[in-house]
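Geometric and topological summary
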Amino acid sequence: MDNKFSKSWINMRIHYDDLARSTILIDFMKKQNASNNYRLVDMCTGSGSFLIWTLKRGLLFTDTILIDNDMNLLKSIKSNMRRYLKNIFTIKSNTNNLNLVISDALQKKSNVKIKKADCDTYQMKDLDTYVISYSAALDLMSKSSIDTSLKKIEKKNILFYSLCFDGTIKWKKSHPFDKYITSFFNNHQMSDKGFGKALGYKSISFVTQRAKKLGYTVKTADSPWVVSNKSNQDILFLKRYILDIKKTLYHMEGIDRSMLKIWYTEKLDQILNKKIKVHVGHKDLLIFKK
Ligand SMILES: C[S@@+](CC[C@H](N)C(=O)[O-])C[C@H]1O[C@@H](n2cnc3c(N)ncnc32)[C@H](O)[C@@H]1O
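Here the residue numbering is sequential within each chain, running from 1 through the sequence in written order. Residues qualify for local features only when their pLDDT is at least 70, as the model is predicted, and side-chain atom pairs are given and counted only at 80 or more; totals for whole chains, interfaces and linings, by contrast, use all residues.

Across its full length, the chain carries 10 helices and 10 strands. The C-alpha radius of gyration computed for the chain amounts to 19 Å, which stays within 12% of the reference 19 Å derived for 290 residues, consistent with globular compactness. Summarising its shape, the C-alpha atoms of the chain cover approximately 55 × 45 × 35 Å along the three principal directions. Burial statistics for the chain: of 290 residues in total, 37% are counted as buried. A run of DSSP states H or I qualifies as a helix once it reaches four residues; a run of E qualifies as a strand once it reaches two. Both are numbered from the N-terminal end. The globule rule used here is 2.2 Å times the number of residues to the 0.38 power, and the radius of gyration it is set against is calculated over C-alpha atoms. Partly exposed residues are those whose C-beta has more than 12 but fewer than 20 other C-beta atoms within 10 Å; with 20 or more the residue is buried, with 12 or fewer it is exposed, and the C-beta atoms are placed from the backbone.

Only the C-beta atom, placed from the backbone, is used; a residue is near a molecule or strand if that atom lies within 6 Å of it. Around the ligand sit 22 residues in total, of which Cys 44, Gly 46, Asp 70, Ser 135 and Gly 194 are the nearest. Counting only elements with at least two residues in the shell around the ligand, the list comes to α1 (7–20) and α3 (49–56). Considering every element that reaches the shell around the ligand, the biggest residue donor is α1, with 3 residues. Of the residues belonging to the shell around the ligand, the class tally is 10 nonpolar, 6 polar and 6 charged. Each residue is assigned to one of three groups, with Ala, Val, Leu, Ile, Met, Phe, Trp, Tyr, Cys and Pro labelled nonpolar, Asp, Glu, Lys and Arg labelled charged, and all others, Gly among them, labelled polar.

Given the number of residues in a helix, its expected span is that number minus one, multiplied by 1.5 Å. Here helix α8 (residues 202–213) is 12 residues long and its end C-alpha atoms lie 17 Å apart, about the 16 Å a rise of 1.5 Å per residue gives. If you check which residues of α8 are buried, you get Ser 203, Ile 204, Val 207 and Ala 211. What you see down the axis of α8 is that its buried residues fit within an arc of 105°, all on one side. Residues of α8 that are exposed and angled more than 90 degrees away from the buried face: Ser 205, Gln 209, Lys 212 and Lys 213. Looking at the packing, one finds that the buried side of α8 touches α6 (143–151), β7 (158–172), β8 (216–222) and β10 (277–289). After α8 finishes, the residue Gly 215 shows a positive phi value of roughly 85°. The directions considered for the arc are those from the helix axis to the C-beta atoms. Note on contacts: each residue gets a C-beta atom placed from the backbone, and two residues are in contact if those atoms are within 7 Å.

Attention shifts here to the nonpolar core. By convention in this section, buried Ala, Val, Leu, Ile, Met, Phe, Trp, Tyr and Cys residues joined through C-beta atoms within 7 Å make up a nonpolar core. Counting 71 residues, the largest nonpolar core has Met 43, Ala 137, Leu 138, Met 141 and Tyr 161 as its most contacted members. Once you skip the residues sitting within four places of it in the chain, Met 141 turns out to touch Ile 146, Phe 195, Ala 198, Leu 199 and Ser 203.

As for its placement among the helices and strands, Arg 39 is situated in strand β1 (residues 39–43). Excluding anything up to four places from it in sequence, Arg 39 contacts Phe 61, Asp 63, Thr 64, Asp 128 and Tyr 130.

This paragraph deals with the environment of Phe 184. Here Phe 184 is to be found in helix α7 (residues 178–188). Residues Phe 184 and Gly 254, spaced 70 residues apart in sequence, show a C-alpha to C-alpha distance of 9.1 Å. In contact with Phe 184, not counting residues within four places along its chain, are Leu 249, Met 252 and Ile 255.

In this structure, Ile 153 sits in the loop between α6 and β7. Discounting residues that sit within four places of it in the chain, Ile 153 has contacts with Leu 159, Tyr 216, Ile 287, Phe 288 and Lys 289.

Here we come to the packing of α6 against α8. For helices, the fitted axis covers only the stretch in contact; all axes are lines through C-alpha atoms, and the angles between them, taken along N-to-C directions, range from 0 to 180 degrees. With their axes 11 Å apart at the nearest point, α6 and α8 run at an angle of 40° to one another. Judged by the inter-axis angle, α6 sits oblique to α8. Of the two elements, α6 crosses α8, and the hand of that crossing is right-handed. Two secondary-structure elements touch here, α6 through Lys 143, Ile 146, Asp 147 and Leu 150 and α8 through Ser 203, Phe 206, Val 207, Arg 210 and Ala 211. Classifying every residue of the contact of α6 with α8 gives 5 nonpolar, 1 polar and 3 charged. Note that the term roughly parallel is reserved for angles under 35 degrees, roughly antiparallel for angles over 145, roughly perpendicular for angles of 65 to 115, and oblique for everything else. Each crossing is labelled by how the near helix is turned from the far one, with a counterclockwise turn of less than a right angle marking it left-handed and a clockwise turn marking it right-handed.

Glancing now at unusual backbone geometry. Lys 173 follows Lys 172 through a cis peptide bond whose omega is 10°. For Lys 173, the position within the fold is in the loop between β7 and α7. Even without glycine at this site, Cys 44 takes up a positive phi of about 55°. Within the element layout of this structure, Cys 44 appears in the loop between β1 and α3. Judged by C-beta crowding, with 24 C-beta atoms within 10 Å, Cys 44 ranks as buried.

Below is the structure:
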C-alpha cells in the first residue's frame, strides 16, 4: 500500500503544530542544563518541522540526525529551515548531500545530518547520548515499532513523542454526525501507516504502560490544535483538514457516504460562512530512566 504522507499537508501543519507543542522537553532540558550533552535524532522527521520548532525555542543541539524513509519530504527540509528560521539562523548546505550546518548569531553551530532510513532499523552509535524524538508519529506506529523505540532508551537517552493524536476531535459548533465521522477516522488511523498495523490513539496508553513497566518515568502534557476560522490561513487549514477526512473515509468499508457528504458540506459551509472552532487532542510524552 502507499504510505506516503502529503508534503503540502505536512508543511501546512507546521504553523499549527508550532502553536500546539508543549514545553515539557524544553523545560526538562533547561532544568538539566543539558542540551550540550545530547545529540538529537528526530525519527520520522518529514520535512523537519520538529527541528524548526526546537531551534525557534532556543534548543540548539550540536549534532542532529533527521531520519525519514521518504526522500521527497527530506528534500524540503532546507527550504523549510530557510523559510521559518530566516533572520534567526544561517543555514548552509553541502552540495554533495542533504546535510546542513546551522549557525546562530553567536556562531554557535549545529551539524544536521539528513538520512533516508527506516526508523525501526536505524542504529545509533552506542557511545553517544541522544534525545530521540518522534513528532506526529506515535499514533502511526505498531506495537512492535513502539517496543523498538523504547529499547532506544539506554543509558541516559531520552525519548520524546510529541503531537500524539489522542482520538478526540471536538467541533464548536458541533454537528450531529461528528461522533460518527470521528469513530471511522479513528478506525482508519489503525491501518498500516508505515510500521505495520498502527495503534492509532491507543498508542498513548500502550506506550505509557509499557514504559512504566520497564521502570521509566513518563511525563505527559497536552498539545492540542485549537483552530478557529479567523484568518485566511486558518480557513485554508480547516478546509484541507475536512477534505482530507472526507477523502480518507470515502473508500472505507461500512461508511455511509451520504452521511459523509452531508457532514463535509455542512462543515465547509460553517468554515466559510459562520464561526467554527476545532479542538484536536494531542499529547506530548517525555520518557526517560529515573
Ligand atoms: C505524520 S508525518 C510526521 C512528520 C513530522 N515528524 C512532523 O511532525 O511534521 C509521519 C512521517 O513518518 C514517516 N514514516 C512513516 N513510516 C516510517 C518508517 N518506517 N521509517 C521512517 N519514516 C517513516 C513518513 O514518511 C512521514 O514523514
